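Each chain, written out:
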Amino acid sequence: MRAAVATAHARVIGGGENPHDRWRFAETKRRRDVNRSHPVWMERNPELAHFIEAYEAELRTRNLVDFDDMPLLAFRMIRDHEWIRGALRAKFPILFVDEYQDLGYALHELVLLLCFEAGVRLFAVGDPDQSIYAFTGANPELLESLITRPGVLPIQLRFNYRCGTSIIQAAQAALGEDRDYRAPDGAHQGNIFFHPVAGDLSNQAQLVVDRLVPEMRARSIPLQEIAVLYRNAQHGNEVAQRATVEGVPIVRADTQALVRRSSRLSRFIEACARWVAGGWIDADPPFRRLVSNASVLIYGGSTSEEEQRRVQKELIEFLQSTIDTNQSTHEWLRAFRDNLITSWRARARTITEDWDAIDEMITRTDPATNSDMPLTHFGGRIEGQGRLNLSTLHSAKGREFDSVILFGMNNDILPNHFDQRTPEQLREARRLFYVGVTRARKELHLVFTKGQHSPWVAELSRRTQRQA
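Below, the structure is looked at part by part. (Residues numbered from 1 in each chain as written. Predicted model: local features only at pLDDT ≥ 70, side-chain atom pairs only at ≥ 80, totals over all residues. Heavy atoms only, no water.)

## Focus: the overall build of the chain
The secondary structure content of the chain amounts to 20 helices and 8 strands. Computed over its C-alpha atoms, the radius of gyration of the chain comes to 25 Å, within 12% of the 23 Å expected for a compact globule of 468 residues. Projecting the C-alpha coordinates of the chain onto the three principal axes gives extents of approximately 70 × 70 × 50 Å. Evaluated residue by residue, the chain yields a buried proportion of 48% over its 468 residues. Residue pairs at least 24 apart in sequence account for 74% of intrachain contacts in the chain once pairs closer than 6 positions are excluded. By element, 51% of the accessible surface of the chain is carried by carbon and sulfur atoms, the whole surface being about 23,800 Å². Taken together, the 60 basic and 61 acidic charged side chains of the chain have centroids lying 2 Å from each other. (Helix = DSSP H or I, 4+ residues; strand = E, 2+ residues; numbered from the N terminus. Rg over C-alpha atoms; globule rule 2.2 N^0.38 Å. Buried < 20%, exposed > 50% of the residue type's maximum accessible area, 1.4 Å probe, protein only. Contact = heavy atoms within 4.5 Å. Areas by Shrake-Rupley, 256 points an atom, 1.4 Å probe, with all protein chains shown as cover. Lys, Arg positive; Asp, Glu negative; His and termini not counted. Charge placed at Lys NZ, Arg CZ, Asp CG, Glu CD.)

## A word on helix α7 (residues 105-116)
The terminal C-alpha atoms of α7 lie 16 Å apart, and with 12 residues this matches the ideal 16 Å at 1.5 Å per residue to within 8%. Buried residues of α7: A106, H108, L110, V111, L112, L113, L114 and C115, and no others. (Expected span 1.5 Å × (residues − 1).)

## Re the pattern of salt bridges
Following the criterion strictly, the structure yields 37 salt bridges and no others. With its nearest N and O atoms 2.3 Å apart, the salt bridge here joins R441 to E225. Within this pair, whereas R441 is found in strand β8 (residues 440-449), its partner E225 is found in the loop between α10 (201-218) and β4 (226-230), the two being separated by 216 residues in sequence. For R441, a relative accessible area of 16% gives the class buried. Across the salt bridge formed by R337 and D338, the nearest N and O atoms sit 3.5 Å from each other. Accessibility expressed as a relative area gives 22% for R337, which makes it partly exposed. Via salt bridges that share partners, R162, E225, E400, D402 and R441 belong to a single interconnected network. (Salt bridge = Lys/Arg side-chain N within 4 Å of Asp/Glu carboxyl O.)

## Comments concerning the packing of aromatic side chains
A complete count under the given rule lists 10 aromatic pairs for this structure. Judged by centre distance (6.2 Å) and plane angle (50°), the rings of F268 and W344 are tilted. With F268 in helix α12 (residues 264-282) and W344 in helix α15 (residues 329-347), the pair connects residues that are 76 residues apart, well separated along the chain. Here W332 and F336 contribute two aromatic rings whose centre-to-centre distance is 5.2 Å and whose plane-to-plane angle is 55°, an arrangement assigned as tilted. Of this pair, W332 and F336 both sit in helix α15, separated by 4 residues, roughly a single helical turn. The same class applies to W332 as to F336, namely buried. Through a chain of ring-to-ring contacts, the aromatic side chains of F268, F318, W332, F336 and W344 assemble into a single cluster. Taking the ring centre of F116 as reference, the NZ or CZ of R149 above it sits at 4.4 Å. (Phe/Tyr/Trp six-rings, centres within 6.5 Å; stacked < 30°, edge-to-face > 60°. Lys NZ or Arg CZ within 6 Å of the ring centre and 35° of its normal.)

Dropping the structure here:
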């Protein structure tokens, strides 16, 4: 769809430009210029505006909306119809917004419309220092502009209840600016370690899996409380491969994740694996919840008693038959698909479920690629341990761990050459580094190639030495 429209209209935004750049410019304009009736819509690159309008017209012809359409359409409906504003104000007198720094222009304009024109009260929480989603249109300046509006009472929060005091102080070096963040009285100290490695990312991965993780576990840090954070999934592959060789169970939060958190089916299958791998003993998860989730996947919100009983019978027969069979994750997933998913998909009344998610999971555990694992690892029910967390820095936002390992902190990775194209991109990359540093509660480890460390690692090291 996008490629077809782009080909037809590429000439209006510069046929010699890279197609990816053309779309990036178009997406930026769509997200920024929310009010199409304002003169600035045509004044800023009218050819690009015509291109966007042609693309959106093609969407309407096909009865489609895309991701950026959703807040734009909502904004136009509320702006153009007073009765909608009144209905929303009556039903929702107060609007709560969390992570305001992640909002783009369309959602920001929607908030202004509802709260400063339609009379809805606003309570917003955000942190501009953690704005790392510019690729979705997020802009920390929108939160900062909100604070300066008349009638807004800003309350600045200073206390960091997560990190040790040393990590809090060092984090300001990561950010490059002092924020006067502090720990509450009696907070633990926290420790920071630097690990230069002679060699490439594979050597760094070897250090992480073979030495750092075992040392942390010897200090009584559970495996599930250790996270390895990196710039992109390709870097994570290095750690994942080494962990597989050493038999360390992992769970990934990146584009190579076995369980896509956006997929209800994937999450349901993971929960079933947890039940089979030992959760049936202590009802973790409860079987009735699995039955309820399966019924929703198949039938949606309305299920008869007969349908419920059928799902329950099918599910318990399969799950019980796989307890203590020593199947690998790949074998178990194939059996799950053949015994349950094929039948459920054929009689499903839902139309939006991603039934192909299980095929993706089967592919990603293919023994031929050395990606298979024991079912207990997939289900997270390993006696005495959990799974090592592997995550991109973006996916780690909002999470916290006892020990964090920042992997691949090289001068060509963070920042890379794309980060340095504009000052704002460089500032966002620095905020990304800051987010990684502040995921750690007790220990922060920075791993990098010797002599090729990120300049921000050097700043953090200098700050740490001054504190000592």
